Protein chains: 2
Amino acid sequence: MTTNTPANRKLRLGAFLPGGGQHIAAWRQPDQPADGATNLGFHIQLAKEAERGLFDAYFLADGLSVSFGGGIEGGNAKVAGFEPVTLFAALASHTKHLGFIATASTTYEEPYTLARKFASLDLITEGRAGWNVVTTTGDATAQNFNRDTQPPHAARYARAHEHVDVVKGLWDSFEDDAFVRDKDTGRFFDPAKVHAIHHKGTHFQVKGPLNVSRSPQGHPVIVQAGQSEDGRSFAATHAEVIFTAHQHLETAQEFYRDIKARARGLGRNPDHVLIMPGVSPFVGRTVEEAQEKYDRLTALILPEDGVGLLNGLTGGTLDLSGYDLDGPLPPAPPTEGMKSRQALIRAIADEHGFTIRQLYQWVASARGHLTLVGTPQSIADTLQEWFENDGADGFNILPPWLPTGLTDFVDLVIPELQRRGLFRTAYEGRTLRENLGLPFPETRWALARHSTQAAE
Amino acid sequence: MTTNTPANRKLRLGAFLPGGGQHIAAWRQPDQPADGATNLGFHIQLAKEAERGLFDAYFLADGLSVSFGGGIEGGNAKVAGFEPVTLFAALASHTKHLGFIATASTTYEEPYTLARKFASLDLITEGRAGWNVVTTTGDATAQNFNRDTQPPHAARYARAHEHVDVVKGLWDSFEDDAFVRDKDTGRFFDPAKVHAIHHKGTHFQVKGPLNVSRSPQGHPVIVQAGQSEDGRSFAATHAEVIFTAHQHLETAQEFYRDIKARARGLGRNPDHVLIMPGVSPFVGRTVEEAQEKYDRLTALILPEDGVGLLNGLTGGTLDLSGYDLDGPLPPAPPTEGMKSRQALIRAIADEHGFTIRQLYQWVASARGHLTLVGTPQSIADTLQEWFENDGADGFNILPPWLPTGLTDFVDLVIPELQRRGLFRTAYEGRTLRENLGLPFPETRWALARHSTQAAE
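Calculation notes
Residues numbered from 1 in each chain as written. Chains lettered and ligands numbered in written order. Predicted model: local features only at pLDDT ≥ 70, side-chain atom pairs only at ≥ 80, totals over all residues. Heavy atoms only, no water. Helix = DSSP H or I, 4+ residues; strand = E, 2+ residues; numbered from the N terminus. Rg over C-alpha atoms; globule rule 2.2 N^0.38 Å. Buried < 20%, exposed > 50% of the residue type's maximum accessible area, 1.4 Å probe, protein only. Contact = heavy atoms within 4.5 Å. Lys, Arg positive; Asp, Glu negative; His and termini not counted. Charge placed at Lys NZ, Arg CZ, Asp CG, Glu CD. Pairing = 2+ DSSP bridges. UniProt positions renumbered as here; feature names shortened; annotations may be inferred. Right-handed = clockwise from strand over helix to strand, strands pointing away. Phe/Tyr/Trp six-rings, centres within 6.5 Å; stacked < 30°, edge-to-face > 60°. Lys NZ or Arg CZ within 6 Å of the ring centre and 35° of its normal. Buried area = accessible area lost by both parts, 1.4 Å probe. Salt bridge = Lys/Arg side-chain N within 4 Å of Asp/Glu carboxyl O. Least-squares fit on C-alpha atoms with pLDDT ≥ 70 in both. Expected span 1.5 Å × (residues − 1). Arc of directions from axis to C-beta. Polar contact = N/O pair within 3.5 Å; in protein donor to acceptor, adjacent residues only side chain to side chain. Axes fitted to C-alpha atoms, helices over the stretch in contact; angles between N-to-C directions. Parallel < 35°, antiparallel > 145°, perpendicular 65-115°, else oblique. Nonpolar A, V, L, I, M, F, W, Y, C, P; charged D, E, K, R; others polar.

(A) Structural detail: the overall build of chain A. On a plain count of helices and strands, chain A comes out with 15 helices and 13 strands. Its C-alpha atoms give chain A a radius of gyration of 22 Å, near enough to 23 Å, the size a compact globule of 456 residues would have. Across its three principal axes, chain A shows a C-alpha extent of roughly 75 × 55 × 45 Å. Buried residues in chain A amount to 64% of all 456 residues. A separation of at least 24 residues holds for 77% of the contacts in chain A among residues at least 6 apart in sequence. Positive and negative side-chain charges of chain A, numbering 43 and 54 respectively, have mean locations separated by a distance of 5 Å.

Rendered as structure tokens:
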């Protein structure tokens, strides 16, 4: 497999497929199962459909508390669902090529158990696992983990940096050729190729080694989504895929160029840092048909759910009860959680002069990501424009409801992207890393030996 | 489904099937894959084979550190493998009836994440999940979780009691009829049927609710294996299946009667507390063939692995380097870990007058569990004797090597047990709980309502 260069650059596509549906009212659509969030068969169907569309990966957001009424990934249909890593382990055997990117928290999980479950998923999927690193916002989650309030934003990111370093070290515990498994001599492994990390840091003390062998990808693909200053610094340091939210090409370009420059400044190859904004597509054979799909879904939002969504998206500080839904958004102080998302939501309200009702209707489909209502051609035009003008290396597609929103994209937009030579017509590689054109990471121990040899 | 009574009592069987093999030298057998521990296809084969034998459950022990050379579940072939919950999620779709009992630690995992992954596994398996509760022994694990040494035995058990209470409370977050999912009204759930637990205890502060719905079994089956005073108290309070190690019917009876009496004293129905000793069977069509299988496997143990195994089994304090392998076991002080197992191993050495070498050869097959070398008839005789004389409600079968040790049992011993009317000829129920004859637990909220109604 070859890794990404400017010459062989290709569009990458992830699919956000929460069984409860992306849009807050998705479950009320006649063609979406109301119990999708807890329906294994439905998730299997979605995974197969995404693979039919040649998507790089199935992406699942995740939280560690119940998000009643709204929130960043909430909605009543999503108050209860599967834990993503166990779900993906169950979906693996129903697919052959599709990657599986699961979200997990550096704030509320220990590096040893987290490294272990992702390495195990990478073994089970034969190299198709990715970890979406989140620091997890909100006091509701803190209260499920022995705290009254969440740690401050900066403290969460400081812990996240150390956490990811430890996890990567644990994934290197066994070198790729550590296992000898010689039945004649009884020698199972080479002790010189097995390593404890003896980590003693600010947040963690972890000796190692991990009790899972090196997985097919070496390291599951590291994904991240923060857009604040801390988030950008983290992304440039660690992330190989970056999920981001932009309403306009200009802000997407600013983000894209900033992250690539930061990565280059840190000695990383910017072609191995893929920036993938979220897109919520309403696809019609005509613009009218697409608009009709948008209107039909938007009409299904209950006002209390819309208000709950805005409250969740702005960090839980926005109590809109008592405000006129057809009046403007009241001011609110910034909080420790989701700083960038708060600013984005307010910018949307300001730009369009939205009332509270208009705002929740707008953000309900994509929570601040780009909403495209149009034909396969017009949607492909936008994706192509962003892809060819430093706005994106690919996109995370957030079908507003399921399975139809995904099927529309697979049947109508994917062929248009293929006709334009932007998207694959068959999977190129064996692993998620290979399909994304990302390099296989050597263990730190092999790297150290190579640099010693080079210096001699 | 009917639950267990003395009148309908039936033998239950679990299968310990670590891909690396139970016996420390199992991987060196010609018919066991050397890479079994990290081979998904081999685990699928084992699960199907266990289901062919109508076993109640596939049982996996687990630890959170690398156990070099030996230890309670160690052996070089098991230094690295899958995380059991992700593995079982992957095996679920390859089976229809087999239960999956995964081990997880109350000392090093948080109740919220633990409750969540087991509820998720129970959804994925459609009601076939069990949790083997362990407190996890050894400083090596503590050193992977920000500590230098493990917490004391009593402290681990105190935390375990509270941990299981919190987990059960979280599993009751959504009552069985909490979800309305009415597309017409937009009402997804009934808020009166969703509950936070607001737990504030000595070790944990957990608000809830859990973000997974009630799973098909209500609660995954609770399994436990401690035999110390703390362990027995814990088992009588919480466990529905108890894994235990005995060499003789007399000690098994003492344990059996003690646990049943304790459970009764705590207001539990002792028929809903199943006691299942471990048995390592070497099955031959003749006694000679069985003995030949035992001798062949025992001969494959490397001396350093045997010594490492004894060290691990006695809590890591037994450094035998420098001692004559053909001399007696030196004395050692008791430690905080695995108290009952240390005593058991020493009792075996004393009873048989074993040298170090003879001792490790003996315990290598079953680590202190009952080793039966014989014909299907003689093995069934022992199982029947224990089952009919207050020694066991069933057994956890630990095939010494795989898949042959399992296949031998399925092809030779299961039919003999069936002929005697001791074992099922088809699965009775839909869930693990139903197959084990254990009752479906109502949520604490429904129970509280029922007791209020009864008092009125």
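(B) Inspection of the pairing of strand β12 (residues 370-374) of chain A at higher detail. All names here are of chain A. Counting buried positions along β12 yields four of five residues, so the element is predominantly enclosed. Across five bridges, strand β11 (residues 274-283) lies against β12 in parallel orientation. Across the sheet, Phe282 pairs through a bridge with Val373, a residue of β12.

(C) Structural detail: the UniProt feature "binding site: FMN" (unreviewed entry) in chain A. Residue and element names in this part refer to chain A. Mapped onto the present numbering, the UniProt feature "binding site: FMN" (unreviewed entry) falls at Asp62, Thr103, His153, Tyr157 and Ser228. By secondary structure assignment, the location of Thr103 is in strand β3 (residues 99-105). Looking at Thr103, the relative accessible area reads 3%, which means it is buried. Setting aside residues up to four positions removed in sequence, Thr103 forms contacts with Phe59, Leu60, Ala61, Asp62, Pro84, Asn132 and Val134. Structurally, the position occupied by Ser228 is in the loop between β9 (221-224) and α6 (229-238).

(D) Representation of the pairing of strand β10 (residues 241-244) of chain A within the structure. Residue and element names in this part refer to chain A. Neither face of β10 is open: one carries Val241 and Phe243, the other Ile242 and Thr244, and all of them are buried. Bridge count for β9 against β10 is two bridges, and the pairing is parallel. From the neighbouring strand, Val223 faces β10, where its bridge partner is Val241. In this structure, β10 lies alongside β11, joined through four bridges in parallel fashion. Of the residues in β11, the one forming a bridge with Val241 is Leu274. Each parallel crossover has a hand, and for β10 linked through helix α7 (residues 249-265) to β11 it is right-handed.

(E) Summary view of the packing of aromatic side chains. Across all of its chains, the model carries 37 aromatic pairs over all chains by this definition. Ring geometry for B:Phe55 and B:Phe409: centres 6.0 Å apart, planes at 40 degrees, overall tilted. Here B:Phe409 lies in helix α13 (residues 404-419) and B:Phe55 lies in the loop between α1 (40-52) and β2 (57-60), a separation of 354 residues in the sequence. Summarising the burial analysis for this pair, B:Phe55 and B:Phe409 share the class buried. Ring geometry for B:Trp131 versus B:Trp171: centroids 6.3 Å apart, planes at 85 degrees, classification edge-to-face. With B:Trp131 in strand β4 (residues 129-134) and B:Trp171 in helix α5 (residues 153-171), this residue pair connects regions lying 40 residues apart in the sequence. Accessibility assignment for this pair places B:Trp131 and B:Trp171 in one class, buried. Above the plane of the ring of A:Phe387 lies A:Arg9, whose end atom (NZ or CZ) is 4.0 Å from the centre.

(F) Structural context of the interface of chain B and chain A. Listed per partner, the contact involves 68 residues of chain B and 68 residues of chain A. Roughly 5,700 Å² is buried in total at the junction of chain B and chain A, and carbon and sulfur atoms are behind 59% of that figure. At the junction of chain B and chain A, the tally comes to two salt bridges. Notably, a salt bridge pairs A:Arg116 with B:Asp62, separated by 2.5 Å at the nearest N-O pair.

(G) Main features of the relation of the copies chain B and chain A. With an RMSD of 0.1 Å, chain B superimposes on chain A once it is rotated by 180 degrees and translated 0.0 Å along the axis. Both copies of the chain, as the preceding transformation shows, are related through a two-fold rotation axis. Among all C-alpha atoms of chain B, that of B:Ala90 lies closest to the rotation axis, at 2.2 Å. Looking at chain B, 100% of its interface residues are interface residues in chain A too, so the copies touch through the same face.

(H) The arrangement of the pattern of salt bridges in detail. With the rule as written, the count across this model stands at 62 salt bridges over all chains. Of the charged contacts, one joins A:Arg214 and A:Asp172 as a salt bridge, the two residues approaching to 2.9 Å between their closest N and O atoms. Placement of the pair is A:Arg214 in the loop between β8 (205-206) and β9 and A:Asp172 in the loop between α5 (153-171) and β5 (179-182), with a sequence separation of 42 residues. Notably, a salt bridge pairs B:Arg257 with B:Asp390, separated by 3.3 Å at the nearest N-O pair. A residue pair is termed long-range when its members are at least 10 positions apart, and B:Arg257 in helix α7 (residues 249-265) and B:Asp390 in the loop between α12 (376-388) and β13 (394-397) qualify at 133 residues. Given a relative accessible area of 33%, B:Asp390 falls into the partly exposed group. Connected via shared salt-bridge partners are A:Glu229, A:Arg232, A:Glu254, A:Asp258 and A:Arg262.

(I) Quick look at α7(A). All names here are of chain A. Over its 17 residues, α7 runs 24 Å from end to end, which matches the ideal 24 Å to within 8%, given 1.5 Å per residue. Every buried residue of α7 is listed here: Leu249, Ala252, Gln253, Phe255, Tyr256, Ile259, Lys260 and Ala263. The arc that holds the buried residues of α7, viewed along the axis, is 165 degrees, so those residues lie on one side. Structural note: α7 exposes Glu250 and Gly265 on the side pointing more than 90 degrees away from its buried face. Buried residues along α7 sit against α6, β10, β11 and α12 (376-388). In the stretch just after α7, Gly267 is the one whose phi turns positive, near 85 degrees.

(J) Molecular detail of the environment of A:Leu318. As for its position among the elements, A:Leu318 is in the loop between α9 (303-313) and α10 (339-352). By relative accessible area, A:Leu318 is classed as buried at 4%.

(K) The arrangement of the side chain of A:Ser65 in detail. Mapping A:Ser65 onto the fold places it in the loop between β2 (57-60) and α2 (84-91). Given a relative accessible area of 16%, A:Ser65 falls into the buried group. Within polar-contact distance, the side chain of A:Ser65 engages the side chain of A:Thr141 at 3.1 Å. Those residues in contact with A:Ser65, other than ones at most four positions away along the chain, are A:Ala140, A:Thr141, A:Asn144, B:Tyr112 and B:Asn211.

(L) Main features of the packing of α9(A) against helix α11 (residues 356-366) of chain A. All names here are of chain A. Contact geometry for α9 and α11: axes closest at 9 Å, N-to-C directions at 75 degrees. Viewed along their axes, α9 and α11 adopt a mutual orientation that is roughly perpendicular. Residues Pro303, Gly306, Val307, Leu309, Leu310 and Leu313 of α9 touch α11, and the partners they reach there are Ile356, Arg357, Leu359, Tyr360, Val363 and Ala364. Considered class by class, the residues forming the contact of α9 with α11 number 10 nonpolar, one polar and one charged.

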